[in-house]
Amino acid sequence: MASQDCEAAASSRAAAASSQDCEAAASSRAEKEEQKTVRVAASSRAKKKEQKTVRVAASSSRAEKEEQKEERRTVRVTSNDGEEFEMDEAVARGSVMLRHMMELGIALDGVTLPIVSGEILALAVSYLRFHRDYDDGGSGYGYGYSYGYHSESEDTALTNFDRDLVKQLDQATLLDLLAASNYMEIEGLLRLTCQTVAEKLKGKTTEEIRQTFCIQNDYPPEEEEEVREEISWALEEKSLD
Amino acid sequence: MKGEIIRGEAMAVPLLLPLWEELPMDVLGRVFSFLPPDSLARAMCACRHWLACARTPGPAAPRHSPWLLAMPARSSSSFCYARDSAGLGRWRALPLDFAPEPLRLVAPLGGLLLCKLASSPTLRLALCNPFARQFRRLPDLLTPRSNPAVGVVVGSSSDSSFRVLVAGGSASGSSYEATLEVFDSREGAWRAAGPMPLEFAVRLTVWTPSESVHAGDGAVYWMTSARAYSVVGLDVARRAWRELKVPMADQLEWAALVRRSNGRLGLVGGAADGRGRVWELVGKGEGEREQWRLASVVPEELLGRSFGSTSTSTSTARTGWGSTRCVGSEAGELYVLFRELGADMLVWREKGSDRLSSSSSSSSSSSSEDCCEWNWVEGSCRDPHSSSSSSIINTPVKAVLLRPTLMRPLDS
């Protein structure tokens, strides 16, 4: 009886998971549909406005058109393994690299990032999306630097999100995310990943560092001995006695 | 080259993400900026690329807490002792054998130490960094003198320039050298900076330890301890000297000048009533009367164990101040009260000083209690069975707060 329950539970969990996937897929499809209809609505609205404002001064109608053009523009970013992510342009501006590409007009057909995998890009995009809601863009400090402007509850939400984002990452993923945030020039994420790596380095011996981060020791033995002597004060917990 | 990220209009990209030992130096430097010096020291042993990066001036300012570094005050030692002010970890002994002569500590200077040669009767200065085993003599003074006051002015964080001021001192015979000399690191030489009032030369020679504070108003201040404490200040640009009274001067058992994080001059003192206090000099140049404002008091619960006493204690729990000294960090976010090396320490820390956006709006009238905190730091454990009971633990020391660096600026 018990094992039957386990199996039932397992299969219902699996079904839930797959239906979750399906739901997720469905909802993202729905999102895309929504974005399309909004875009369509916006352009038809623009047409109607054009007809209405024949008598209005040329400059104000131009301004209105500019406004509508800025609504709901998105950019599509693709990873090196073909995963696509569609973001609002405002969200994408959190990556200085993407921002420059958009400003140069070379992002209109989407951007492919040849060194960023889907797994990593997903993390980066979720960071950008979450921080877009809380940070003010264009402050000059970039995303992730505006902590001073938030209420305390918003601040906690930001820190919790950041902490959860990096909490489970193994060192290889962390490295990839760090390199990707550097490549994509996402300031706040770069800072977060650098700080996380530093936390993982603190307190470890040199050998532990090499093992954790799979670093090859390329010191010739005499050189290594020299360096170890120079920092002998840091190598053991020596008490004063 | 694999791992190198090139940017530009052509958007040339690498084929692979870098491995840890290939990370570009600016990124790795950023990781390292979060590491305290002992962790960084162990990390740079991991591979040669990491060593090179740890030794290169990085783009990011160091974010670890300052370390307390101590040297015996009156005897020579082949070691100096350093401890993370956050209180984690123990004292570490750093060998001084890289220095050709025995040294005495004078002042912190960026991540370096300004020291004087212990064996010289007249003042001879040197720079050293025990964390990177570097030493360099400064040129001799223009006018040799003994026991002058020494002041340090550090340049802005963008450049590593500094100035050393030497004032007063006794010349040959028993006369006082009532002149000022300035060493500018950009020129690498001393310059005579004119005469000074004899009265100040006397005070600065006889009654001044060499700690000085360079405040945001462009003046360097020394504490003189002639019977009652008072402060001597030098406006560096105008070469103008003045004397300042000290709050509760006749009741202070010990006092030290510190720099506040807002640039103002601060004073930390222990009074005969057993309470420790922090004052701040306000009003100068702000259109008000210049005065000392009480900024913080050591909380009751931290007193009495090793420092001062509690006012409500009726038992004989009064320890007194003994040999309490206080040092402040260069940026003013940290003060440490300590006695001997092995003893407990009291640490005052400005809240938020370890976060990025710490310099946000604190108006001149705030600086209230909830922006700072006092903490207790355990002294190092003494092994009761150790026969030597290391004499260093009870030796009087001189200590400073600094942010150690593993870079090698003295190499050239």
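Here the structure is a predicted model, which is why all the values come from computation and not from measurement. (Residues numbered from 1 in each chain as written. Chains lettered and ligands numbered in written order. Predicted model: local features only at pLDDT ≥ 70, side-chain atom pairs only at ≥ 80, totals over all residues. Heavy atoms only, no water.)

### A word on the overall build of chain B
- Scanning chain B from terminus to terminus reveals four helices and 24 strands.
- Across the 412 residues in chain B, those meeting the buried criterion constitute 54%.
- For chain B, the proportion of contacts with a sequence separation of at least 24, taken over those separated by at least 6, is 50%.
- Here chain B has roughly 17900 Å² of accessible surface; of this, 51% comes from carbon and sulfur atoms. (Helix = DSSP H or I, 4+ residues; strand = E, 2+ residues; numbered from the N terminus. Buried < 20%, exposed > 50% of the residue type's maximum accessible area, 1.4 Å probe, protein only. Contact = heavy atoms within 4.5 Å. Areas by Shrake-Rupley, 256 points an atom, 1.4 Å probe, with all protein chains shown as cover.)

### Here we look at the UniProt feature "domain: SKP1 component dimerisation" (unreviewed entry) in chain A
- According to UniProt, the "domain: SKP1 component dimerisation" (unreviewed entry) feature falls on residues 188-234 of chain A.
- The span residues 188-234 of chain A shows a helical share of 74% and a strand share of 0%, and its end C-alpha atoms are spaced 31 Å apart. (UniProt positions renumbered as here; feature names shortened; annotations may be inferred.)

### Thoughts on the packing of helix α7 (residues 171-183) of chain A against helix α8 (residues 187-201) of chain A
All names here are of chain A.
- One way to put it is that α7 packs onto α8 with a least axis distance of 8 Å and a crossing angle of 150°. The two elements α7 and α8 cross, and the hand of that crossing is left-handed. When α7 is examined against α8, the residues Leu-174, Leu-177, Leu-178, Ser-181 and Asn-182 are found in contact with a partner set consisting of Leu-189, Leu-190, Thr-193, Cys-194, Thr-196, Val-197 and Lys-200.
- A per-class count over the contact of α7 with α8 returns seven nonpolar, four polar and one charged. (Axes fitted to C-alpha atoms, helices over the stretch in contact; angles between N-to-C directions. Left-handed = near helix turned anticlockwise from the far one by under 90°. Nonpolar A, V, L, I, M, F, W, Y, C, P; charged D, E, K, R; others polar.)

### Describing the nonpolar core
Residues and elements named next belong to chain B.
- Phe-32 and Trp-50 are the most contacted members of the largest nonpolar core, which has 87 residues in total.
- No fewer than three residues from each of domain 1 (19-62) and domain 2 (63-308 + 320-350 + 371-402) sit in this core.
- When neighbours within four sequence positions are excluded, Phe-32 is seen to be in contact with Leu-40, Ala-43, Trp-50, Cys-53 and Ala-54.
- With 37 residues, the next largest nonpolar core counts Met-223, Ala-256, Trp-279 and Trp-348 among its residues. (Core = buried A, V, L, I, M, F, W, Y, C linked by side-chain atoms within 4.5 Å. Domains from an automatic or database assignment.)

### Describing the pattern of salt bridges
Residue and element names in this part refer to chain B.
- Going through the model one piece at a time under the given rule, you end up with 26 salt bridges over all chains.
- As a salt-bridge pair, Arg-137 and Asp-140 come within 2.8 Å of each other at their nearest N and O atoms.
- Judged by its relative accessible area of 32%, Arg-137 falls in the partly exposed class.
- Residue Glu-280 pairs with Arg-293 through a salt bridge whose shortest N-O separation is 3.3 Å. Note that Glu-280 is positioned in strand β18 (residues 276-282) and Arg-293 in strand β19 (residues 291-297), a separation of 13 residues in sequence.
- Residue classification places Glu-280 among the buried residues on the basis of a relative accessible area of 0%.
- A relative accessible area of 26% places Arg-293 in the partly exposed class.
- In the salt-bridge network here, residues are joined through shared partners; they are Arg-260, Arg-264, Glu-280 and Arg-293. (Salt bridge = Lys/Arg side-chain N within 4 Å of Asp/Glu carboxyl O.)

### What about the layout of surface pockets?
Residue and element names in this part refer to chain B.
- Computed from the structure, the second largest pocket encloses a volume of approximately 610 Å³.
- Looking at the second largest pocket, it is lined by 29 residues, and the ones nearest its centre are Ala-73, Arg-104, Lys-116, Ser-210 and Lys-398.
- Looking at the lining of the second largest pocket, the elements that each hand over two or more residues are β4 (103-109), β5 (112-117) and β24 (397-402).
- Per-element tally for the lining of the second largest pocket: the top contributor is β4, with three residues.
- Here the lining of the second largest pocket is built from residues that sort into 13 nonpolar, eight polar and eight charged. (1 Å grid on protein atoms, 1.4 Å probe; cavity = no way out; pocket = protein on both sides within 12 Å on 5 of 7 lines; lining within 4 Å. Points joined across faces, edges and corners; volume = space filled by probe spheres on them.)

### Quick look at the side chain of Arg260(B)
Residue and element names in this part refer to chain B.
- Within the element layout of this structure, Arg-260 appears in the loop between β16 (252-259) and β17 (265-271).
- For Arg-260, a relative accessible area of 5% corresponds to the buried category.
- A polar atom in the side chain of Arg-260 sits 2.6 Å from the side chain of Glu-280. (Polar contact = N/O pair within 3.5 Å; in protein donor to acceptor, adjacent residues only side chain to side chain.)

### Side note on the sheet that holds strand β6 (residues 125-129) of chain B
Residue and element names in this part refer to chain B.
- Spatially, the four strands line up as an open sheet ordered β4-β5-β6-β7, and their pairing is antiparallel. Single-partner strands in this sheet number two, and they are β4 and β7 (134-137). Along the sheet, successive strands turn relative to each other by an average axial angle of 30°, direction set aside.
- Here four bridges tie β5 to β6, and the two strands are oriented antiparallel to one another. By the bridge assignment for β6, Cys-115 is matched with Ala-126. (Pairing = 2+ DSSP bridges.)

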